[in-house]
Amino acid sequence: EAQVTQNPRYLITVTGKKLTVTCSQNMNHEYMSWYRQDPGLGLRQIYYSMNVEVTDKGDVPEGYKVSRKEKRNFPLILESPSPNQTSLYFCASSSRWVTDTQYFGPGTRLTVL
Amino acid sequence: QKEVEQNSGPLSVPEGAIASLNCTYSDRGSQSFFWYRQYSGKSPELIMFIYSNGDKEDGRFTAQLNKASQYVSLLIRDSQPSDSATYLCAVNTEYGNKLVFGAGTILRVKS
């Protein structure tokens, strides 16, 4: 089954404790991105990747890191989480361009205390 | 000014009616426009895209684009309770490989 998977789905952590949210797709997609969704603000892009080893900032990259060492994986790293990073996070992928159909993962709900 | 603006709603329509969802955008150079549907607790899924001025129909859905007015809309004919969801407008800006999303409009279809 073609899908985007994220882990964990739910995470409660404390300020300053490094964490990684994994994202994996099995569709051989080149384009992958991370979004956060907050009430009243909609989806905002954090980082995106056009291909392996090619990443770039989205609209809200502060406090986040990403890497793209393999085509299928695009982990999101929070080196020192803060409460303002409490949000719902979605990973998405598309075949090549951002204008291709974006396939979203199931979401990760993160709470930083 | 937000780059992509939508009325948050909720928009309530009776079953069988036409639901009209609207979106305005600020980047005049935007080329591609998308409507995603998001059910409560679920991830967004693409339902329509439009690139050219005018109307594009797909089943009960019609997307309308007016680049001069920087306006894109989604019409849902014969609305069903299963259409109740949040509808997200997304725009590909002229520069950069990204989509900018509006905050979404909540649609409620009452039976």
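In this text the structure is predicted, and so the values were computed from the model without any measurement. (Residues numbered from 1 in each chain as written. Chains lettered and ligands numbered in written order. Predicted model: local features only at pLDDT ≥ 70, side-chain atom pairs only at ≥ 80, totals over all residues. Heavy atoms only, no water.)

**With respect to the packing of aromatic side chains**
Item 1. Under the definition given, this model contains 11 aromatic pairs over all chains.
Item 2. Here Tyr35 of chain A and Phe101 of chain B contribute two aromatic rings whose centre-to-centre distance is 5.5 Å and whose plane-to-plane angle is 85°, an arrangement assigned as edge-to-face. Of this pair, Tyr35 of chain A sits in strand 4 (residues 31-38) while Phe101 of chain B sits in strand 10 (residues 99-101), placing the two residues on different chains. Pair check on accessibility: Tyr35 of chain A and Phe101 of chain B agree, each one buried.
Item 3. Here the guanidinium or amino end of Lys56 of chain B rests over the ring plane of Phe49 of chain B, the centre of that ring lying 3.3 Å away.
Item 4. Directly above the ring of Phe61 of chain B sits Arg60 of chain B, whose terminal nitrogen or CZ lies 5.5 Å from the centroid. (Phe/Tyr/Trp six-rings, centres within 6.5 Å; stacked < 30°, edge-to-face > 60°. Helix = DSSP H or I, 4+ residues; strand = E, 2+ residues; numbered from the N terminus. Buried < 20%, exposed > 50% of the residue type's maximum accessible area, 1.4 Å probe, protein only. Lys NZ or Arg CZ within 6 Å of the ring centre and 35° of its normal.)

**Observations concerning the state of the cysteines**
Item 1. Per the counting criterion, the structure on display carries 2 disulfides over all chains.
Item 2. The disulfide partner of Cys23 of chain A is Cys91 of chain A, and the S-S distance across this bridge is 1.8 Å. What sets the handedness of the Cys23 of chain A and Cys91 of chain A disulfide is the S-S torsion sign, and at about -70° it is left-handed. You can see Cys23 of chain A sitting in strand 3 (residues 19-25) and its partner Cys91 of chain A sitting in strand 9 (residues 87-94), a full 68 residues away along the chain.
Item 3. By relative accessible area, Cys23 of chain A is classed as buried at 2%.
Item 4. A relative accessible area of 0% places Cys91 of chain A in the buried class.
Item 5. Here Cys23 of chain B pairs with Cys89 of chain B through a disulfide, and the sulfurs are 2.1 Å apart. In this structure the cystine formed by Cys23 of chain B and Cys89 of chain B twists about its S-S bond by roughly -75°; its chirality is therefore left-handed. (Disulfide = S-S within 2.5 Å.)

**Concerning the interface of chain B and chain A**
Item 1. Chain B puts 19 residues into the contact, and the matching count from chain A is 19 residues.
Item 2. Buried surface at the junction of chain B and chain A, summed over both partners, amounts to about 1500 Å²; 55% is from carbon and sulfur atoms.
Item 3. Its largest share of buried area at the contact with chain A, chain B owes to Asn97, Lys98 and Phe101 of chain B, together 34% of the area lost on that side.
Item 4. Between chain B and chain A we count 1 salt bridge in total.
Item 5. Where Asp59 of chain A meets Lys98 of chain B, a salt bridge forms, and the shortest distance between an N and an O atom there is 2.3 Å.
Item 6. Here chain B and chain A share 4 residue pairs in polar contact (both at pLDDT 80 or more) between them.
Item 7. Listing elements by their share of the side of chain B that touches chain A, those giving two or more residues are strand 4 (32-38), strand 9 (85-92) and strand 10 of chain B.
Item 8. Broken down by element, the residue count for the side of chain B that touches chain A peaks at 4 residues, all from strand 4 of chain B.
Item 9. Split into classes, the residues belonging to the side of chain B that touches chain A amount to 10 nonpolar, 6 polar and 3 charged. (Contact = heavy atoms within 4.5 Å. Buried area = accessible area lost by both parts, 1.4 Å probe. Salt bridge = Lys/Arg side-chain N within 4 Å of Asp/Glu carboxyl O. Polar contact = N/O pair within 3.5 Å; in protein donor to acceptor, adjacent residues only side chain to side chain. Nonpolar A, V, L, I, M, F, W, Y, C, P; charged D, E, K, R; others polar.)

**Examining the pairing of strand 4 of chain A**
It is a general feature of regular strands that their side chains alternate between the two faces of the sheet.
All names here are of chain A.
Item 1. The buried fraction of strand 4 amounts to 8 of the 8 residues, a majority that puts the element mostly inside the structure.
Item 2. What you see with strand 4 is no split at all: Tyr31, Ser33, Tyr35 and Gln37 on one side and Met32, Trp34, Arg36 and Asp38 on the other are buried throughout.
Item 3. Where strand 4 lies against strand 9, 7 bridges are found, and the strand directions are antiparallel. Looking across to strand 9, one finds that Arg36 is bridged to Tyr89.
Item 4. Across 7 bridges, the pairing between strand 4 and strand 5 (residues 42-51) is antiparallel. When the bridges of strand 5 are listed, Gln37 appears paired with Leu43. (Pairing = 2+ DSSP bridges.)

**A few points about the sheet that holds strand 1 (residues 4-7) of chain A**
Where strands meet in a sheet, backbone hydrogen bonds hold them as pairs that are either parallel or antiparallel.
Residues and elements named next belong to chain A.
Item 1. Taken together, the 4 strands give an open sheet; going across it, the order is 1-3-8-7, and neighbouring strands pair in antiparallel fashion. Every interior strand has two partners, whereas the edge strands, strand 1 and strand 7 (65-66), have only one.
Item 2. Note that strand 1 and strand 3 share 4 bridges and pair antiparallel. Considered in strand 3, the bridge of Val4 is made with Gln25.

**A few points about the environment of Cys91 of chain A**
Item 1. Taking C-alpha positions, Cys91 of chain A is 19 Å from Val112 of chain A, a pair spaced 21 residues apart along the chain.
Item 2. In this view, Cys91 of chain A contacts Val4, Gln6, Cys23, Met32, Ser33, Trp34, Tyr103, Phe104 and Gly105 of chain A; residues no more than four positions away in its chain are not counted.

Keep in mind that these numbers describe shape and distance, not what the molecule does.
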